[in-house]
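# Observations on the model geometry
Below, each chain spelled out in residue letters.
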Amino acid sequence: MSNNIVFSGIQPTGELHIGNYFGAVANWVRLQNSGQYQTIYCVVNLHAMTMPYDAATLHQNTESMFVDLLAAGLDPERSIVFVQSMVPEHTELAWVFGCVCSYGDLTRQTQFKEKSEQLEGKQDAFISAGLFTYPVLQAADILLYHAAHVPVGQDQKQHLELARDIAQRFNHQFGEYFPLPDVMFTETPKLYALNDPTKKMSKSLGPRSYVALFEPPESIRSKIRSAVTDTGNPEEPMGPGAQNLLAILRACGRNDLAEQFERDYANGPRRYAPLKDAVAEALIALTEPMRERRAALLADRAHVHRLMREGAEKARAIAQKTIREVRERTGLFQPPA
Ligand code: AMP
Ligand code: TRP
């Protein structure tokens, strides 16, 4: 029981960086533009409530993530793009799934263990039950739309396995209904921090570690110029910082330039200034139309809000049908209309 429905979600955690873009969002855009799938993408603000957070910041980040996804290339004409909390059926299905998911399965989720340990080290540690049941909500996100394909990173594999288990247990108990969703692994580059190329590029390593997707050109040039490389001594192998710059160049679609640098470097000392210039200019060129789209969206917030409502309406039309059928199957009483 497979289909061509793709679903994925991203938490509204603040600005997107090029690591998120090349590692996730660019792939979403490719799937959308391939014409082979019905693509549904969600800003998962309910998931962002599972860790300690600030209400005003979440409110603001939800709108800005929606804007950023559109600016990055998600097209509301071709994909359903929406905000999770505007479709309340997610939480209803999550309740039903909480009752077909075993407590034991949830206790084996490694992300819960990692995140709760992270919190335990802090003062006034508060570990919410929401953090524990997070994967149940994620299964509901996916199955509400009967999605069979879920493009996510390696770190989400266990959550996807749980979603399959939940679908399977539901089908077993209430009759074949949900597809078993598959992780869609695609070759996406993993980018490393500019200031410490042994670590994954991440906002938690500070602003010099990443290039934000909508960063002004001057700031992109400055950050790339100060990226950590190596001495360029041809007697020694190329370090991870320089490799990372080459990876960014390729991710920008400039394989031609990357190959040229590799050829030059194979024949003598590695001079990194020209590589850095090329990387900065490739990033600036790639993100130019995105910066323009974002500026246009931010200049017309009423239009953004309209797109948000329309996205939620399209999602809801599908979600309400699923919920009706789930209520019937699970014995939730509904008086005849
Ligand atoms: P996060 O906000 O870190 O959970 O990331 C959101 C998405 O971006 C996930 O799908 C990650 O796999 C992806 N991502 C984050 N950082 C990187 C990176 N440095 N390189 C590649 N992909 C990344
Ligand atoms: N848990 C995912 C993450 O942290 C986000 C997410 C929530 C998601 N619901 C989803 C991803 C449904 C794919 C499908 O990256």
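In this numbering scheme, every chain counts its residues from 1 along its sequence in written order. Following the order in which they are written, the chains are lettered starting with A and the ligands numbered starting with 1. Local features in this predicted model are restricted to residues whose pLDDT is 70 or higher, and side-chain atom pairs enter the listing and the counts only when it is 80 or higher, whereas totals over whole chains, interfaces and linings include all residues. Where side-chain values are given, they derive from all heavy atoms of the structure, hydrogens and water being excluded.

## A closer look at the environment of Phe 132
Definition in use: A run of H or I in DSSP counts as a helix once it spans at least four residues, and a run of E counts as a strand once it spans at least two, with each numbered from the N terminus. Here, residues are in contact when the closest pair of their heavy atoms is within 4.5 Å.
Of note, Phe 132 is situated in helix H6 (residues 129-143). Taking the C-alpha atoms as reference points, Phe 132 and Ala 312, separated by 180 residues in sequence, lie 27 Å from one another. Setting aside anything within four residues of it in sequence, one finds Phe 132 in contact with Tyr 103, Leu 106, Thr 107 and Phe 112.

## Comments concerning the site of ligand 2
The line we're drawing: Nearness here has a simple test: a residue counts as near a molecule or strand if at least one of its heavy atoms is within 4 Å of that partner. We call two N or O atoms a polar contact when they sit within 3.5 Å, provided that within protein one can donate a hydrogen and the other can accept it, with sequence-adjacent residues counted only if both atoms are side-chain atoms. To measure how exposed things are, a 1.4 Å probe is used in the Shrake-Rupley method; for residues, cover is taken only from the protein chains shown.
With respect to spatial proximity, 13 residues lie near ligand 2, and among them Gly 9, Tyr 134, Gln 138, Asp 141 and Gln 156 are the closest. Within the side chain of Gln 138, a nitrogen or oxygen atom sits 2.9 Å from a nitrogen atom of ligand 2. Gln 156 is positioned with one of its side-chain polar atoms (N or O) 3.0 Å from a nitrogen atom of ligand 2. For ligand 2, whose accessible area on its own is 370 Å², the fraction buried by protein is 88%. Those elements giving two or more residues to the shell around ligand 2 turn out to be strand E1 (5-10) and H6.

## A closer look at the domain arrangement of the chain
The test is simple: Domain delimitation follows an automatic or database domain assignment. By buried area we mean the combined loss of accessible area, with a 1.4 Å probe, across both parts when two parts are placed together. Note on definitions: salt bridges are taken to be side-chain nitrogens of Lys or Arg within 4 Å of carboxyl oxygens of Asp or Glu. Polarity classes work like this: nonpolar for Ala, Val, Leu, Ile, Met, Phe, Trp, Tyr, Cys and Pro, charged for Asp, Glu, Lys and Arg, and polar for all others, with Gly in that last group.
Domain assignment breaks the chain into domain 1 (5-189 + 301-330) and domain 2 (203-295). For domain 1 versus domain 2, the distance between C-alpha centres works out to 32 Å. For the pair domain 1 and domain 2, the two sides together bury roughly 1,300 Å², of which 68% comes from carbon and sulfur. For domain 1, the biggest contributors to the area lost against domain 2 are Ile 18, Phe 22 and Ala 71; these three give 41% of the whole. Residue Asp 68 is joined to Arg 294 by a salt bridge in which the shortest nitrogen-to-oxygen separation is 2.7 Å. Taken together, domain 1 and domain 2 are joined by 7 residue pairs in polar contact (both at pLDDT 80 or more). Broken down by secondary-structure element, the contributors of at least two residues to the side of domain 1 that touches domain 2 are helix H1 (18-34) and helix H2 (55-71). Here the side of domain 1 that touches domain 2 takes 4 residues from H2, the largest share from any one element. Its residues assigned to classes, the side of domain 1 that touches domain 2 shows 9 nonpolar, 4 polar and 2 charged.

## A closer look at the environment of Glu 92
What counts is decided by this rule: Only protein chains enter the accessibility calculation, which uses a 1.4 Å probe; a residue is then buried when its area is under 20% of its type maximum, exposed when over 50%, and partly exposed in between.
With respect to the secondary-structure elements, Glu 92 resides in helix H3 (residues 89-98). Under the relative-accessibility criterion, Glu 92 is labelled partly exposed at 27%. As for Glu 92 and Leu 137, which are separated by 45 residues in sequence, their C-alpha atoms are 9.3 Å apart. Filtering out sequence-adjacent residues up to four positions away, Glu 92 remains in contact with Ile 323 and Arg 327.

## Observations regarding the site of ligand 1
Residues in contact with ligand 1, as listed here, are His 17, Gly 19, Asn 20, Gly 23, Ala 24, Pro 189, Lys 190, Leu 191, Lys 200 and Met 201. Between ligand 1 and Gly 19 there is a distance of 3.0 Å, counted from a nitrogen atom to a backbone nitrogen or oxygen. Taken by itself ligand 1 offers 480 Å² of open surface, and the protein chains cover 71% of this. Counted by class, the shell around ligand 1 contains 4 nonpolar, 4 polar and 2 charged residues.

## With respect to the nonpolar core
Operational definition: Throughout, nonpolar core names a set of buried Ala, Val, Leu, Ile, Met, Phe, Trp, Tyr and Cys residues whose side chains join them through atoms within 4.5 Å.
Counting residues in each nonpolar core, the largest one holds 58 residues, and the members touching the most others are Ile 18, Phe 66, Leu 69, Ile 224, Ile 248, Leu 275 and Leu 283. Split by domain, the residues of this core number at least three in each of domain 1 (5-189 + 301-330) and domain 2 (203-295). Ignoring any residue separated from it by four or fewer positions in sequence, one finds Leu 275 in contact with Ala 242, Leu 245, Leu 246, Leu 249, Phe 261 and Tyr 265.

## Notes on the packing of H1 against helix H11 (residues 273-298)
As a reminder of what qualifies: Here an axis means a line fitted to C-alpha atoms, over the contact stretch when the element is a helix, while the angle between two N-to-C directions is reported on a 0 to 180 degree scale. An angle below 35 degrees is treated as roughly parallel, one above 145 as roughly antiparallel, one from 65 to 115 as roughly perpendicular, and anything else as oblique.
Between H1 and H11, the least distance of the axes is 13 Å, while the angle of their chain directions is 75 degrees. It follows from the interaxial angle that H1 and H11 lie roughly perpendicular. Between H1 and H11, the contacting residues are Ile 18, Tyr 21 and Phe 22 on the first element and Leu 283, Leu 286 and Met 290 on the second. A class-by-class count of the residues in the contact of H1 with H11 yields 6 nonpolar, no polar and no charged.

## Looking at the side chain of Gln 11
With respect to the element layout, Gln 11 can be found in the loop between E1 and H1. Within polar-contact distance, the side chain of Gln 11 engages the side chain of Tyr 134 at 2.9 Å. Excluding its chain neighbours within four sequence positions, the residues that come into contact with Gln 11 are Val 44, His 47, Ala 48, Met 65, Lys 115 and Tyr 134.

## Considerations on the layout of surface pockets
To find the voids left in a structure, one rolls a probe of water-molecule size over its atoms. Inclusion rule: Buried and open spaces are told apart on a 1 Å grid over the protein atoms alone, a cavity being a set of points where a 1.4 Å probe fits but cannot get out and a pocket being an open set with protein on both sides within 12 Å along at least five of seven lines. Residues with an atom within 4 Å of a point are the lining residues. Grid points are joined across faces, edges and corners, and a volume is the space filled by probe spheres set on the points.
Within this model, the second largest pocket holds a volume of roughly 340 Å³. Forming the boundary of the second largest pocket are 16 residues, of which Ala 94, Gly 130, Thr 133, Tyr 134 and Leu 137 lie nearest the centre. When contributions to the lining of the second largest pocket are tallied by element, the ones reaching two or more residues are H3, helix H4 (103-107) and H6. At 5 residues, the largest contribution of residues to the lining of the second largest pocket is made by H6. Looking at the lining of the second largest pocket residue by residue, the classes come out as 10 nonpolar, 6 polar and no charged.

## A closer look at the pattern of salt bridges
In the structure shown here, the tally under the stated rule is 17 salt bridges. A salt bridge links Arg 78 to Asp 75; the nearest nitrogen and oxygen atoms lie 3.4 Å apart. A relative accessible area of 49% means that Arg 78 is categorised as partly exposed.

## Some remarks on H11
The condition that has to hold: A helix is expected to span 1.5 Å for every residue after the first. In this analysis the local bend is the angle between axes fitted, respectively, to the seven residues ending at and the seven residues starting at the residue.
Spanning 26 residues, H11 covers 35 Å between terminal C-alpha atoms, matching the ideal 38 Å at 1.5 Å per step. A maximum bend of about 40 degrees is found in H11 at Thr 287, where proline Pro 289 lies one to four positions downstream. What H11 keeps buried is the set Leu 275, Lys 276, Ala 278, Val 279, Ala 280, Ala 282, Leu 283, Ile 284, Thr 287, Met 290, Arg 291 and Leu 297.

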